[in-house]
Amino acid sequence: MSIVIGVDTSNYTTSFAALDAKSGELVMEKKLLPVKPGELGLRQSDAVFHHVAQLGELAGRVLDALPKDARIEAVGVSAWPRRVEGSYMPCFLVGQLAADLLCGALRVPKYEFSHQEGHVAAALYSAGKVEWLSAPFYAFHVSGGTTELLSCTPDEKHLLSVERVGGTLDLNAGQAVDRVGGMLGLSFPAGPQLERLAFECEETIPTKPVLKGLDCCLSGLQNQCEKLLEQGRTPAYTAKFCLQMISDTLAGMTRRLLKTRQTRPILYAGGVMSNAMIRKRLEGEFGGVFAEPRFSADNAAGTALLAALSQARTKEESLPWMRTDF
């Protein structure tokens, strides 16, 4: 059994994965970093500490689950948030260290990718659309740290080239969700709880997204939700307004994208895209492709997949379970 390892130590999740390059089957363990009640995030020093405390246990579970004849042939790791100059977060150093130790001990190659590239790849893997990596497509990456519209194209060197063509000009969608969740007394991360609360509201809620070309502004969303609560609106109404505004914003951006640029398949990736309300809207109107929730939020599956594809390209081999070669 030929195994490729994936490691991702993002700002809020520790994740370790093993992909069988011959069958495409994946084993993954992930764990959120602990955030104290009432707080909306972690300092990087705390994130690094928690990754160090959690990664060994998660890696042990994955490796113990592999057959005795399993042979690790490569390791993929998220090395930066995005593949652009100056993109850096100390928490990714934990994953890089683990990958370096594995590769040094096993004498196998290491492949570095951005956390964003991993999100895109994991969503494609989950949706059964990995062959999209061989042709241009669009991807929305929407999470607590990123709200971007991306043009994705095959890349000879890095496998996947990602170019920002739109996105938020201020607040990220995931930040808005967590801030509104905090107002409502929900724990961090607030996404799943806010979604459950929003489904309690049956009212139709109109919104007015702020769009500037293919960019958007979400900073006013927090203030609008504060005003709704001051006016006596219920927590369920406020939660639904928050998610409806994000949904309408993304729908507006998608509509403008399809009017102004060449038509391509559209992928929606990132933790916010695991929201059922948003997914139903964008799937129904645009036929967008989504991942399962565990592959939408931060995970190591994407880095494992990209490393497996990179290794196959280096060895001039094909992966038997793939529909196309890279």
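All of these numbers come straight from a predicted model, not from anything done at the bench.

Undergrad: Tell me about helix α5 (residues 191–198), and name the residues and values.
TA: For α5, every residue scored as buried is listed here: Leu-194, Glu-195, Leu-197 and Ala-198. Seen from one end, α5 has its buried residues packed into an arc of 165 degrees, which puts them on one side. Where α5 is buried, its residues meet α4 (173–183), α7 (235–260) and α8 (276–286).

Undergrad: I'd like to hear about the sheet that holds strand β6 (residues 137–142), residue by residue, with values.
TA: Ordered in space as β9-β10-β8-β7-β6-β11-β12, the 7 strands form an open sheet in which the pairing is mixed. Of all the strands in the sheet, the pair left with one neighbour each is β9 (210–212) and β12 (289–290). Bridge count between strand β7 (residues 147–155) and strand β8 (residues 159–168): 8 bridges; the pairing is antiparallel. Bridge pairing in β8 links Cys-152 to Val-162.

Undergrad: Pulling in residues and values, what's your account of the pattern of salt bridges?
TA: Summed over the entire model, instances satisfying the criterion amount to 17 salt bridges. The salt bridge involving Arg-255 is made with Glu-285; its shortest N-O contact spans 2.8 Å. Taken together, the residues span a long stretch of sequence, with Arg-255 in helix α7 and Glu-285 in helix α8 at a distance of 30 residues. Among the salt bridges present, the one from Arg-281 reaches Glu-285, with a minimum N-O distance of 3.2 Å. With Arg-281 and Glu-285 both in helix α8 and 4 residues apart, the pair spans about one turn of that helix. On the basis of relative accessibility, which here comes to 37%, the residue Glu-285 falls in the partly exposed class.

Undergrad: Give me the lowdown on helix α3 (residues 115–127), citing residues and values where you can.
TA: The end-to-end C-alpha distance of α3, which contains 13 residues, comes to 18 Å, matching closely the 18 Å that a straight helix rising 1.5 Å per residue would cover. Among the 13 residues that make up α3, 12 are buried, leaving the element largely enclosed by the rest of the structure. Restricting attention to buried positions, one finds in α3 the residues His-115, Gln-116, Glu-117, Gly-118, His-119, Val-120, Ala-121, Ala-122, Ala-123, Leu-124, Tyr-125 and Ser-126. One or two positions beyond α3, positive phi appears at Gly-128, with a value near 70 degrees.

Undergrad: Tell me about the nonpolar core, residues and numbers included.
TA: Judged by nonpolar contacts, the single largest core of 43 residues is most densely connected at Ile-246, Leu-250, Met-273 and Leu-282. Sorting the residues of this core by element identifies β6, α4, α5, α6 (219–230), α7, β11 (266–269) and α8 as the ones contributing at least two each. A total of 12 residues in this core trace back to one element, the largest contributor, which is α7. Beyond its immediate stretch of four places on either side in the chain, Leu-282 contacts Ser-247, Leu-250, Ala-251, Tyr-268, Met-273, Gly-287, Gly-288 and Phe-290. Residues Val-130, Ala-269, Phe-295 and Met-322 belong to the second largest nonpolar core, which totals 40 residues.

Undergrad: I'd love a proper account of the packing of α3 against helix α10 (residues 301–314), names of residues and values included.
TA: Contact pair α3 / α10: the axes reach a minimum separation of 7 Å and the direction vectors enclose 85 degrees. Accordingly, the angle class assigned to the pair α3 and α10 is roughly perpendicular. Contact residues: α3 offers Glu-117, Gly-118, Ala-121, Ala-122 and Tyr-125, while α10 offers Ala-301, Gly-302, Thr-303, Leu-305 and Leu-306. When the residues that make up the contact of α3 with α10 are grouped by side-chain class, the tally is 6 nonpolar, 3 polar and 1 charged.

Undergrad: So what about the packing of aromatic side chains? Which residues, and what values?
TA: Using the criterion set out here, one finds 5 aromatic pairs in the structure. Aromatic pair Tyr-268 and Phe-290: ring centres 4.9 Å apart, planes at 15 degrees, arrangement stacked. One end of the pair, Tyr-268, is in strand β11; the other, Phe-290, is in strand β12, and 22 residues separate them in sequence. We note that Tyr-268, like Phe-290, is buried. One aromatic cluster is present, built from ring pairs that chain together Phe-140, Tyr-268 and Phe-290.

Definitions and cut-offs
Residues numbered from 1 in each chain as written. Predicted model: local features only at pLDDT ≥ 70, side-chain atom pairs only at ≥ 80, totals over all residues. Heavy atoms only, no water. Buried < 20%, exposed > 50% of the residue type's maximum accessible area, 1.4 Å probe, protein only. Helix = DSSP H or I, 4+ residues; strand = E, 2+ residues; numbered from the N terminus. Arc of directions from axis to C-beta. Contact = heavy atoms within 4.5 Å. Pairing = 2+ DSSP bridges. Salt bridge = Lys/Arg side-chain N within 4 Å of Asp/Glu carboxyl O. Expected span 1.5 Å × (residues − 1). Core = buried A, V, L, I, M, F, W, Y, C linked by side-chain atoms within 4.5 Å. Axes fitted to C-alpha atoms, helices over the stretch in contact; angles between N-to-C directions. Parallel < 35°, antiparallel > 145°, perpendicular 65-115°, else oblique. Nonpolar A, V, L, I, M, F, W, Y, C, P; charged D, E, K, R; others polar. Phe/Tyr/Trp six-rings, centres within 6.5 Å; stacked < 30°, edge-to-face > 60°.

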